[in-house]
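# Architecture at a glance
The lines below spell out each chain.
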Amino acid sequence: MHRTRARLADGREIVYYDAAPGRVPAADPRDLPPVEPVCEVRRDPLTGEHVTITAHRNARTFLPPADQCPLCPGGAASEVPDPSYEVVVFENRFPSFDVRTPPLSPAVPSLDGVERFRGAGRCEVVCFTDEHATSMACLPVSRVRTVIDAWADRTAELSAIPSVEQVFVFENRGVEIGVTLHHPHGQIYAYPFVTPRTGRMLARAAARPGLFGEVLEAERAGSRVVLSGEHWTAYVPAAARWPVEVHVMPHRHVPDLAALNSAERDELAVLYRDLLRRCDGLYDTRLPYVAGWHQAPTGEGRDLVRLHLELFSVRRAPGKIKYLAGSESGMAAWINDVVPEEAAVRLRAVTGG
């Protein structure tokens, strides 16, 4: 994997990842104003959870026609100046977190007692291919491997930013999920705090050393395994919250993608593509999903959390969507209409990669 850095017209960084060396990045011909993000984080005094306020994101691109896609290469509206690319990563034009956020204005009286601070992190877009109409599941294994290398490289670099406490690599796919661009891509959020879900995992793992290994051992011995290899196991978790939910966990305890060795990355490229193809085969149509890599925090508790992928979908049956209603949205109390063991059987029955 070969990395090439460049800058876009407004100063944002763009990084190309290629199988072979020799890329000379094209200049960005656009006349763009400098990026001026304002990302504020407030902490809910009742729950302790962080809420990020980013009014500038309301102006972000929303479902443009294919000929105006900002992720296709070389077009007038493109974020990628080059006429072609393999994998490319660039700073989000409408970030939720940005180290360039200026100091916050003094708190107004209505916010007395509410903790506020700058959302001094970073948000990046990861384009898996320059082909608009394909998907990660349709890419060759060699390209999926390049994507994994790019994820690992970005994880290492973003984790080194002093204000960043956790790096989250994820892909949203499908309008049912809320995707605003159809081009195959994912995102990376470098948070200036530890997310609530990871915080709960940290507390559980601190109280029960070896928790992730115990869970993996139990799942590998049970009936919910979908795919398994020398280094990875994909399984439907016993307490799955979503009608389609699969976790992918390495057999070795590693904190993040950057810590994976070459053999683990090789196998992951094959297994992950196979899993995505099985998901698309469930209902004979592309499955809307969120696939997120849960990584350990950059600081305290780094040795407690094991890297793992959580993939889930809102589709519960052909033509039917699970909506988050009162119990889930209002109380975070999950109700699943699909038995996890049955979901695993259906995924195993689909022909994969």
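Look above for the structure.
Notes on the structure in this doc start here. These numbers come from a predicted model, not from an experiment.

### A few points about the overall build of the chain
From N to C terminus, the chain includes 6 helices and 16 strands. Its C-alpha radius of gyration of 20 Å places the chain within 12% of the 20 Å reference for a compact globule of 353 residues. Considering only C-alpha atoms, the chain reaches an extent of 55 × 55 × 40 Å along its principal axes. The buried share among the 353 residues of the chain stands at 52%. Put simply, 67% of the contacts in the chain that link residues at least 6 apart link residues at least 24 apart. On the chain, roughly 15,900 Å² of surface is accessible, and the fraction owed to carbon and sulfur atoms is 54%. Taking the average place of the 40 positive charges on the side chains of the chain and the average place of its 45 negative ones, the gap between the two points comes to 2 Å.

### Quick look at helix α4 (residues 262-281)
Helix length check: α4 (20 residues) gives 29 Å between terminal C-alpha atoms against 28 Å at 1.5 Å per residue, within 8%. When you tally the buried positions in α4, you get 14 out of 20 residues, the bulk of the element. The distance from a side-chain oxygen at the start of α4 to the backbone nitrogen of A263 is 3.2 Å, and the residue carrying that oxygen is N261.

### Regarding the sheet that holds strand β8 (residues 166-173)
Strands pair in a sheet through their backbones, by hydrogen bonds, and they do so in one of two ways: parallel or antiparallel. Within the open sheet, the 11 strands sit side by side as β1-β2-β5-β7-β9-β8-β13-β14-β12-β11-β10. Their pairing is antiparallel. Here the strands that pair on one side only, and so sit at the sheet edges, are β1 (2-7) and β10 (225-228). Direction aside, neighbouring strands of the sheet carry axes that sit 20° apart on average. Sheet topology note: the strand β7 (residues 122-127)/strand β9 (residues 185-191) ladder contains 6 bridges and is antiparallel. Considered in β9, the bridge of C127 is made with H185. Across the sheet, helix α3 (residues 211-220) touches β10, β11 (232-235), β12 (244-250) and β14 (308-313), and the angle it forms with β11 is around 70°.

### So, the sheet that holds strand β4 (residues 50-53)
Spatial strand order, β4-β3-β6: 3 strands in an open sheet with antiparallel pairing. Only two strands of the sheet have a single partner each, and these edge strands are β4 and β6 (116-118). With strand direction ignored, the average angle separating the axes of adjacent strands in the sheet is 30°. Note: strand β3 (residues 40-43) against β4, 4 bridges, orientation antiparallel. Each bridged residue has a counterpart across the sheet, and for E40 the counterpart in β4 is I53.

### Focus on the side chain of R12
One can find R12 in the loop between β1 and β2 (13-18). Assessed through its relative accessible area of 0%, R12 is described here as buried. Here the side chain of R12 touches E91 through a polar contact of 2.7 Å, landing on its backbone oxygen.

### Let's talk about the side chain of T233
Following the sequence through the fold, T233 ends up in strand β11. What makes T233 buried here is its relative accessible area of 0%. Here S228 takes part through its side chain, which lies 3.2 Å from a polar atom of the side chain of T233. Among the polar contacts listed, one links the side chain of T233 to the side chain of H251, at a separation of 2.8 Å. Not counting residues up to four positions away in its chain, the partners in contact with T233 are L216, R220, V225, L227, S228, H247, V248, M249 and H251.

### Thoughts on the environment of H183
Relative to the helices and strands, H183 is located in the loop between β8 and β9. Owing to a relative accessible area of 1%, H183 belongs among the buried residues under this scheme. Here Y85 takes part through its side chain, which lies 3.1 Å from a polar atom of the side chain of H183. Among the polar contacts listed, one links the side chain of H183 to the backbone oxygen of T129, at a separation of 2.6 Å.

### Re unusual backbone geometry
One non-glycine residue, D284, lies in the positive phi region at around 55°. Its identity is not glycine, yet A332 carries a phi of approximately 55°, on the positive side. Tracing the sequence through the fold places A332 in the loop between α5 (326-331) and α6 (340-349).

What counts, and at which threshold
- Residues numbered from 1 in each chain as written.
- Predicted model: local features only at pLDDT ≥ 70, side-chain atom pairs only at ≥ 80, totals over all residues.
- Heavy atoms only, no water.
- Helix = DSSP H or I, 4+ residues; strand = E, 2+ residues; numbered from the N terminus.
- Rg over C-alpha atoms; globule rule 2.2 N^0.38 Å.
- Buried < 20%, exposed > 50% of the residue type's maximum accessible area, 1.4 Å probe, protein only.
- Contact = heavy atoms within 4.5 Å.
- Areas by Shrake-Rupley, 256 points an atom, 1.4 Å probe, with all protein chains shown as cover.
- Lys, Arg positive; Asp, Glu negative; His and termini not counted.
- Charge placed at Lys NZ, Arg CZ, Asp CG, Glu CD.
- Expected span 1.5 Å × (residues − 1).
- Polar contact = N/O pair within 3.5 Å; in protein donor to acceptor, adjacent residues only side chain to side chain.
- Pairing = 2+ DSSP bridges.
- Axes fitted to C-alpha atoms, helices over the stretch in contact; angles between N-to-C directions.

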